[in-house]
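Each chain, letter by letter, is given below.
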Amino acid sequence: MTIYFIRHGETDLNKQKRLQGQSDIPLNEYGRRLAQETGQALANVGFDAVFSSPLGRARETAEIIAGDRKCPFYTDSRLQEIGFGEYEGLCYGAEHFNIPDADFLSFFNAPERYATPPRGEGFQDIIARTGEFWAEITGNPAYADSRLLVSTHGCALKALLANIRRTPLKDFWSGGLHRNCAVTIVEVKDGRAEVTEEGKIFYEGKPERG
């Protein structure tokens, strides 16, 4: 089994450094272009199935990359982004920071100390649900020799990798947040998973955007 994980393309909230979480924010035009260029780079990969977060930015990214392939397309809520609850839409950038919790940036800098926002999710929540998804697809013999595309979000993708690598929470962000439309490839054989490519982008030379 070979799994191609991808973080969705850019959105306007990415550019503005605002929390999206489980708000259904669409791709912007630049984000669509990143997905199209990534799709062109993966044009020769014969995907047997596509799995996506139900949120529009991830789903559209998957649709663009899948193109006209005739393979099953599934949405799965376990792949959606971590929920920021009442903080969704607020800005975490230094210039316009307006999150009520002055220590919110521990989300990025010290995840083991992160305080879950009101009506939001904690790291253990997203690790648990992505871990359930991971166990389900890798334990399904129907996918044993398949190539799968999984379209998800920044924190959700790091949670999937934390399950694969058994990463301690304090090291959750080790290696950094993947850029929009970055591709991570995981090979699974005989019950063992190996990350063979992480965070690869196919639009070198383009500016970093959020």
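The structure this text deals with has already been given above.
Within every chain, residues take consecutive numbers counted from 1 along the sequence as written. It should be noted that, the model being predicted, local features are given only for residues of pLDDT at least 70 and side-chain atom pairs only at 80 or more, the latter also being counted only at that level, while totals for whole chains, interfaces and linings use all residues. Side-chain metrics in this entry use all non-hydrogen atoms of the structure; hydrogen atoms and water are not considered.

Turning to the sheet that holds strand β5 (residues 183-189), a few remarks are in order. The strand order β3-β2-β4-β1-β5-β6 describes an open sheet built from six strands, whose pairing is mixed. The strands lining the two open edges of the sheet, one partner per strand, are β3 (73-75) and β6 (192-200). Averaged over all neighbouring strand pairs, the angle between strand axes comes to 20 degrees, with direction disregarded. Here strand β1 (residues 2-7) pairs with strand β4 (residues 147-152) via six bridges, running parallel. Paired with R7 across the two strands is T152, which belongs to β4. The contact criterion used is simple: two residues touch if any of their non-hydrogen atoms lie within 4.5 Å. With axes taken as lines fitted to C-alpha atoms, and helix axes fitted only over the stretch in contact, angles between N-to-C directions fall between 0 and 180 degrees. The helix count covers DSSP runs of H or I at least four residues long, the strand count covers runs of E at least two residues long, and both are numbered beginning at the N terminus. Strand contacts of helix α3 (residues 56-66): β1, β2 (49-52), β3 and β4, with the helix running at about 145 degrees to β4, the strand carrying the most contacts. A pair of strands counts as paired when DSSP detects no fewer than two bridges linking them.

The subject of this paragraph is the pattern of salt bridges. Every case where a carboxyl oxygen of Asp or Glu lies within 4 Å of a side-chain nitrogen of Lys or Arg is listed as a salt bridge. In this structure the tally under the stated criterion is 12 salt bridges. For K170, the salt bridge is made with D171, and the minimal N-O distance between the two is 3.2 Å. Exposure is judged per residue with a 1.4 Å probe applied to protein chains only, and the accessible area is read against the type maximum: over 50% gives exposed, under 20% gives buried, and values in between give partly exposed. In this structure D171 comes out as partly exposed when scored by relative accessible area, which is 30%. Here the residues in one salt-bridge network are D76, R78, E132 and E136, joined through shared partners.

Time to look at the layout of surface pockets. Unoccupied space between atoms shows up once a probe the size of one water molecule is rolled over them. Of the voids in this model, the largest pocket is the one considered here, and its volume is about 360 Å³. Broken down by secondary-structure element, the contributors of at least two residues to the lining of the largest pocket are α4 (106-109) and α6 (154-165). Residue composition of the lining of the largest pocket, by class: eight nonpolar, eight polar and six charged. With a 1 Å grid spanning the protein atoms alone, the term cavity applies to any set of points in which a 1.4 Å probe fits but cannot get out, the term pocket to an open set with protein on both sides within 12 Å along at least five of seven lines, and the term lining residue to any residue with an atom within 4 Å of a point. Grid points are joined across faces, edges and corners, and a volume is the space filled by probe spheres set on the points. Its volume calculated, the second largest pocket comes out at about 300 Å³. Lining the second largest pocket are 16 residues, with W134, T138, V188, G191 and A193 sitting closest to its centre. Going through the elements one at a time, α5 (123-138), α6, β5 and β6 are the ones with two or more residues in the lining of the second largest pocket. With three residues, α6 is the single largest residue contributor to the lining of the second largest pocket. Considering only residue class, the lining of the second largest pocket consists of eight nonpolar, four polar and four charged. By the convention adopted, Pro, Cys, Tyr, Trp, Phe, Met, Ile, Leu, Val and Ala count as nonpolar, Lys, Arg, Asp and Glu as charged, and the other residues, Gly among them, as polar.

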